[in-house]
Amino acid sequence: MTFSYQRPVDYEKHPVVQQKYIVPTPSIDEMLQRVKKLVRLRTPGGIIYAHPRFGKTYSIRYIIQILKEDFPSAVIISFGCQKKKNHSEDAFFSTLLEATGHEGYLTGTITRKRARLTERLQELVDRSQYNWVVFFADEAQRLDTIEYEWLRDVHDELERRGIRMITLLVGQPQLLHQKSAFRHSKQTQIVSRFMIDEMRFRGLRSPSDVATCLAGYDEACYPVNSQWTYTRFFLPAAYSAGFRLVSYAPFLWDAFKKAHDEAKFNFDMEIPMQYFARSVEIALFENMKHDASDFQFSPAMWANAVAESNFISSHEELRLVMFDEKGIHQR
């Protein structure tokens, strides 16, 4: 029997197609609870770290979204750390000003930009019902000592005004090496403000983790508050007959595990969120044309999706990084 379904939005406008969506993972939920605790305790700073492509930026977007729901008027600011040959105080404060939404982030002297930043943060905090502000610094391993000192100036000025600044450094494991280096050089003023806590963002480590993420596709809807879950959008006939992605968690895990074992990687498997999401997207995009009430994903379909996600090539790079880090720890 042939089915005809009128999808609520064009294919190209769907968030899964545009890769502008978030499904919760156990690691994200764990990180969210840790961040909430840091905020409750007003802990001044912490490190969130993981290898590239494990979903750090993805997770921070989700955490910020939930924090804004839990603390609707709170001041939560995210900025990216740029890698530059020369560290410019002017550029640094322009970046922070832009992150706060200040229109004059490109004009004025360094002194004026510093003052504007403090005034802007004071203004935002005064509008909220809280006396704190949260900064997320993405790719924070790019920050150098002088930039931490500039950030420290902001922290101390806000303290003088009775405002607590909570800074979360999000980046790669090099952040841990930087923390160790600051300790050895007795730069405790940086460690005590920005690096007190340490949180590792993990990939998916079990079929249960994979099931949690796949369930997100079965439950999240677009448009919001419609009955069109992500799974239903791509496979409406199968979905109407009871098809759910979550039931394929063991098969998708096995596809990743087989690829991992065949590549002879000598470390425990963790699936980076980017390659998990890409594999699911490939499976949906390539097989939506086969949608029918009796449609099922075969192991071969999942194996093909994992292969096309470039999971193996990414882990070849990760193996080299982990080897280098092991050498660093042994020296």
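That block above? That's the structure.
Now for a description of the structure that goes with this document. (Residues numbered from 1 in each chain as written. Predicted model: local features only at pLDDT ≥ 70, side-chain atom pairs only at ≥ 80, totals over all residues. Heavy atoms only, no water.)

### Description of the overall build of the protein chain
- Along its length, the protein chain carries 15 helices and five strands.
- The principal-axis extent of the C-alpha atoms belonging to the protein chain is close to 70 × 50 × 35 Å.
- When the 331 residues of the protein chain are sorted by exposure, 51% land in the buried category.
- Within the protein chain, contacts between residues at least 6 apart in sequence are counted, and of these 77% link residues at least 24 apart.
- Computed over 43 positive and 41 negative side-chain charges, the inter-centroid distance for the protein chain is 4 Å. (Helix = DSSP H or I, 4+ residues; strand = E, 2+ residues; numbered from the N terminus. Buried < 20%, exposed > 50% of the residue type's maximum accessible area, 1.4 Å probe, protein only. Contact = heavy atoms within 4.5 Å. Lys, Arg positive; Asp, Glu negative; His and termini not counted. Charge placed at Lys NZ, Arg CZ, Asp CG, Glu CD.)

### Some thoughts on unusual backbone geometry
- The peptide bond linking Tyr222 to Pro223 adopts the cis configuration, its omega dihedral lying at 0 degrees.
- Secondary-structure assignment places Pro223 in the loop between helix H9 (207-219) and helix H10 (230-234).
- The phi torsion at Gln19 lies on the positive side, around 55 degrees, for a residue other than glycine.
- In this structure, Lys186 is a non-glycine residue whose phi angle is positive, near 60 degrees.
- Its location among the elements puts Lys186 in the loop between helix H7 (174-184) and helix H8 (188-194).
- With a relative accessible area of 68%, Lys186 lands in the exposed category.

### Focus on the nonpolar core
- The biggest cluster of nonpolar side chains holds 72 residues, and the ones touching the most others in it are Phe136, Phe276 and Phe297.
- Considering every element that reaches this core, the biggest residue donor is helix H13 (residues 273-287), with eight residues.
- Excluding residues within four positions of it along the chain, Phe276 makes contact with Leu204, Val210, Cys213, Leu214, Tyr217, Leu252, Phe256 and Ile271.
- Membership of the second largest hydrophobic core comes to 33 residues, among which are Leu124, Phe135, Ala140 and Tyr148. (Core = buried A, V, L, I, M, F, W, Y, C linked by side-chain atoms within 4.5 Å.)

### Let's talk about the packing of aromatic side chains
- Counted under the stated rule, the structure contains 25 aromatic pairs.
- A ring pair is formed by Tyr21 and Tyr230, whose centres lie 5.8 Å apart and whose planes are at 85 degrees; its orientation type is edge-to-face. Of the two residues, Tyr21 is situated in the loop between helix H1 (15-18) and helix H2 (26-41) and Tyr230 in helix H10; the sequence distance between them amounts to 209 residues.
- According to the relative accessible area criterion, Tyr21 is buried, its value standing at 6%.
- Plain terms: the ring middles of Phe79 and Phe135 are 6.2 Å apart, the flat faces sit at 75 degrees to each other, and that makes the pair edge-to-face. Remark: Phe135 occurs in strand E3 (residues 132-138) and Phe79 occurs in strand E2 (residues 75-80); sequence separation between them is 56 residues.
- Connected via pairs of aromatic rings, a cluster forms that spans Phe243, Tyr248, Phe251, Phe295, Phe297 and Trp302.
- Its end group placed over the ring of Phe233, Arg7 keeps NZ or CZ at 5.4 Å from the ring centre.
- Note that Arg244 overlies the ring of Tyr239, its terminal NZ or CZ placed 3.6 Å from the centroid. (Phe/Tyr/Trp six-rings, centres within 6.5 Å; stacked < 30°, edge-to-face > 60°. Lys NZ or Arg CZ within 6 Å of the ring centre and 35° of its normal.)

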